[in-house]
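Fold and geometry: a report
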Amino acid sequence: MKKVCVSIALTLIAVPAFAQNVRITPIGSHPGELCANDRATVFEDPTGVRILYDVAHNLTGPDDPRVGDVHVVLLSHMHGDHLGDRRLRAVGAGTCANSERVLVPHAMTAEVVIEKDAVLVTTRAMAGFVANEVREIRGESLPICASPVAATVPVDAACRSSMDLGGRFVATAADADRGVEITIVYASHVNNVSASLLDEAQRELLSANGAQLELGPPTGYVVRFTNGLTAYLSGDTGIHSEMRTVINEYHNANLAVLNLGNNPGIYYSAAHAMNELIQPASVILSHPNEAATENGRPRAQSHTARIIEEIDAPTHLAINGRTMEFNGRGRCVNGC
Ligand SMILES: [Zn+2]
């Protein structure tokens, strides 16, 4: 904790204007906590571009008042807890370890893109699936944007990117001379579609073969904001060598937003991934798959508490509803 406070004090002296900071606000199930199913995060660039990273199971509906304007929606992979095969019944419903969620007929990602007239930035395979969901909801598909790799936001009508791993989408505010650069990067995970969102014939066919429908590779993102903050959004991933070669050496990410979890083994490899491979100035922990906090503080004996101790860089929890401000060098200067 001491390490965090010292770094904030030093950064406050060095940074002249809060207007140059990126605002990061996690949206989860229980106010003031980091809970098991929390994933959704809103990023706001100093130019006003607002990005929602993984709709997840965290919104009460596409019009959840906590979300506000969204210009770009990111979708890291097809698992229901990211695409949104359920919605949160109500803020605070259920427990922090198991928030109360309701199955929805269509992916929340599709509902949100329509509601917000936003740009969906994801791989072509995943964007195609969401476009089909949009057609089922409103009778009209989600078109590719006028440019498949860039948009001035807000766009007139919802649309989708057309690119794949390594592709870069630039979202620029109408009155800005620089845009936010969003690159799709590798994640070491799987990308099967939630069965509840498949039509019955497809579901039966797959089940007869004990198979799953995979929509290309799962992903993470590197988002370079206009103040220089370069955020690596891990998606769900195990440790992998591109963390050093692509995320660190090529993109020079200075903030890592790391999804925790048992399945990809990152509970155990997170410290090496951060300390040796990516070496960011700061880390935000999310997707804990456990009630990570109680009264806003890390729960003793939790995976999350142990990982905070193991990571060298200042490490912040994605506390639901708390807005953190980051400068261009990847340091939290307010709200952490
Ligand atoms: Zn997940």
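Quick summary incoming for the structure in this document. Keep in mind it's a predicted model, so treat the numbers as computed, not measured. (Residues numbered from 1 in each chain as written. Predicted model: local features only at pLDDT ≥ 70, side-chain atom pairs only at ≥ 80, totals over all residues.)

Concerning the nonpolar core
Quick reminder of the rule: Working definition: the nonpolar core is a set of buried Ala, Val, Leu, Ile, Met, Phe, Trp, Tyr and Cys residues, joined through C-beta atoms within 7 Å. With C-beta atoms placed from the backbone, a residue is buried if 20 or more other C-beta atoms are within 10 Å of its own, exposed if 12 or fewer are, and partly exposed between those counts. Note on contacts: each residue gets a C-beta atom placed from the backbone, and two residues are in contact if those atoms are within 7 Å.
Within the largest apolar cluster, 95 residues are counted, with the highest numbers of intra-cluster contacts made by Val 73 and Val 130. Those residues within four positions of Val 73 in sequence are excluded, and the remaining contacts are Leu 52, Val 55, Thr 109, Val 112, Val 113, Ala 118 and Leu 120.

Some remarks on helix 5 (residues 200–208)
This is how the line gets drawn: Numbering goes from the N terminus for both helices and strands, where a helix is a DSSP run of H or I of at least four residues and a strand is a run of E of at least two.
By the criterion of burial, helix 5 is predominantly exposed, with just zero of the nine residues buried. Looking at the residues trailing helix 5, positive phi occurs at Gly 210, about 60°.

Structural notes on the pairing of strand 12 (residues 219–224)
Rules: For two strands to be treated as a pair, DSSP must find at least two bridges joining them.
Burial of strand 12 is extensive: six of the six residues sit out of reach of the surface. Taking every second residue as pointing to the same face, both faces of strand 12 are buried, with Thr 219, Tyr 221 and Val 223 on one and Gly 220, Val 222 and Arg 224 on the other. Pairing analysis gives six bridges linking strand 11 (residues 180–186) to strand 12, with the strands arranged antiparallel. Opposite Ile 182, over in strand 12, you have Val 223 as the bridge partner. Both strand 12 and strand 13 (residues 230–233) contribute to a ladder of four bridges, which runs antiparallel. Across the sheet, the residue bridging to Tyr 221 is Leu 233, located in strand 13. Joining the antiparallel neighbours strand 12 and strand 13 is a turn of five residues, in which Gly 228 adopts a positive phi near 100°.

Let's talk about the environment of Arg 66
As for its position among the elements, Arg 66 is in the loop between strand 3 (50–53) and strand 4 (72–74). What makes Arg 66 partly exposed here is the crowd of 16 C-beta atoms within 10 Å. Linking Arg 66 and Gly 321, residues 255 residues apart in sequence, is a C-alpha distance of 8.1 Å.

A closer look at the environment of Gly 238
Tracing the backbone through its elements, the reader meets Gly 238 in the loop between strand 13 and helix 6 (242–250). Taking C-alpha positions, Gly 238 is 32 Å from Ala 151, a pair spaced 87 residues apart along the chain.

Focus on the sheet that holds strand 14 (residues 255–259)
Using the following cut-off: Every angle, taken between N-to-C directions, lies between 0 and 180 degrees, and every axis is a line fitted to C-alpha atoms, over only the stretch in contact when it is a helix.
Across the sheet, which stays open at both edges, the eight strands sit in the order 8-10-11-12-13-14-15-18 with mixed pairing between neighbours. Strand pairing shows two members of the sheet lacking a second neighbour, strand 8 (150–153) and strand 18 (315–317), which therefore form its edges. Geometrically, the sheet is characterised by an average inter-axis angle of 20° between neighbouring strands, direction not taken into account. When strand 15 (residues 282–286) meets strand 18, the two strands line up parallel, connected through three bridges. Within strand 18, the residue paired with Leu 285 across the bridge is Leu 317. The strands touched by helix 6 are strand 11, strand 12 and strand 13; relative to strand 11, the strand with the most contacts, the crossing angle is about 170°.

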